[in-house]
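Residues per chain, in single letters:
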Amino acid sequence: MLQQILKELAATNTTLVAVSKTKPIEAIQAMYDQGQRIFGENRVQELVEKEAVLPKDIEWHQIGHLQTNKVKYIAPFVSLIHAVDSLKLLKEINKQAAKNDRVIDCLLQFHIAEESSKFGFDEAEVTAMLKSETFKEFENIRIVGVMGMATFTDNEAQVKQEFRQLKSHFDTLKDTFFSTDIHFKEISMGMSGDYQLAVSEGSTMVRIGSLLFGSR
Ligand SMILES: *Cc1c(COP(=O)(O)O)cnc(C)c1O
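Residues numbered from 1 in each chain as written. Predicted model: local features only at pLDDT ≥ 70, side-chain atom pairs only at ≥ 80, totals over all residues. Heavy atoms only, no water.

### Regarding the pattern of salt bridges
So the rule is basically this: For this analysis, a salt bridge means a side-chain nitrogen from Lys or Arg found within 4 Å of a carboxyl oxygen belonging to Asp or Glu. Only DSSP runs of H or I with at least four residues qualify as helices, and only runs of E with at least two residues qualify as strands; both kinds are numbered from the N terminus onward.
Within this structure, the stated rule accounts for 10 salt bridges. A salt bridge links arginine 142 to aspartate 105; the nearest nitrogen and oxygen atoms lie 2.9 Å apart. Here aspartate 105 lies in strand S5 (residues 104-110) and arginine 142 lies in strand S6 (residues 141-148), a separation of 37 residues in the sequence. Among the charged side chains, a salt-bridge network with shared partners connects Glu41, Arg43, Glu46 and Lys50.

### A short note on the site of the ligand
Where we set the bar: Proximity is defined per residue: if any heavy atom of the residue lies within 4 Å of a molecule or strand, that residue is considered near it. Polar contacts, as used here, are pairs of N or O atoms within 3.5 Å; protein pairs need one atom able to donate a hydrogen and one able to accept it. Residues neighboring in sequence count only if both atoms are side-chain atoms. In this description, accessible areas are obtained by the Shrake-Rupley approach with a 1.4 Å probe, and a residue is regarded as covered only by the protein chains that are shown. When residues are grouped by polarity, Ala, Val, Leu, Ile, Met, Phe, Trp, Tyr, Cys and Pro land in nonpolar, Asp, Glu, Lys and Arg in charged, and all others, Gly among them, in polar.
Around the ligand, the structure places Val19, Lys21, Asn42, Ile63, Met149, Met191, Ser192, Arg207, Ile208, Gly209, Ser210 and Arg216. A distance of 2.8 Å separates an oxygen atom of the ligand from a polar backbone atom of glycine 209. For the ligand, an oxygen atom lies 2.8 Å from a polar atom in the backbone of serine 210. Relative to its free-state accessible area of 380 Å², the ligand is covered by the protein chains to the extent of 91%. Its residues assigned to classes, the shell around the ligand shows five nonpolar, four polar and three charged.

### Let's talk about helix H3 (residues 44-53)
Threshold: Between buried and exposed lies partly exposed: a residue is buried under 20% and exposed over 50% of the maximum accessible area for its type, with that area taken using a 1.4 Å probe on protein chains only. The arc under discussion is defined with respect to the helix axis, by the directions toward the C-beta atoms. Contacts are assigned to residue pairs with any non-hydrogen atoms lying within 4.5 Å of each other.
By the burial criterion, the buried members of H3 are Val44, Glu46, Leu47, Lys50 and Glu51. Along the axis of H3, the buried positions cluster into a sector of 160°, meaning they face one direction only. Turned more than 90 degrees away from the buried face of H3, the exposed residues are Gln45, Ala52 and Val53. Those residues of H3 that are buried are in contact with helix H2 (25-33), strand S2 (38-41), strand S3 (59-62) and helix H4 (71-74).

In structure tokens, the structure reads:
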């Protein structure tokens, strides 16, 4: 399955994040042995435990909602934080990154789904944050793009529309704040059930779990 998905993604230069949450070390090691190096987890404790025992050249992505008080545990090694959804969280990531003498890459999470339960900014909130003096003082974070989760539904037209919305937020931010920044280039969207649609709508990074590792 890994090779088949990678082949599909290669055609569009899309990065695969193998979402290994709840899966045992052995399953991740097996995927690693097939060549996969980027893995995503959504619980900090689990991420920390896995990072400690698995190969050091794995790039670990924190993909789910991140609580401010947990940032310190992943700051020494995390390579990308997908779900930044507040200035408060960004401030803490900057602080912990500085402590570790690092710059941590982050994605801004947009609320694109219909459900009110999903986390994320809207465009006005992001604009206000990027213009704020607090944001401009951050030296240990780098915003490399956007992330979003579509509504969990069979309605393909709706999911497509939500992916388009995220792509449009990306384009607006790129034009307004990051036009000369080559690092601002990622759109993290698409999971097992909707990654092909996401790729056709401009995703650069898909987060696939159950399709690779089996259902949870
Ligand atoms: C679990 C999870 C995924 C992967 O979901 P699958 O449907 O198993 O592919 C992607 N993104 C986030 C944020 C997740 O929590």
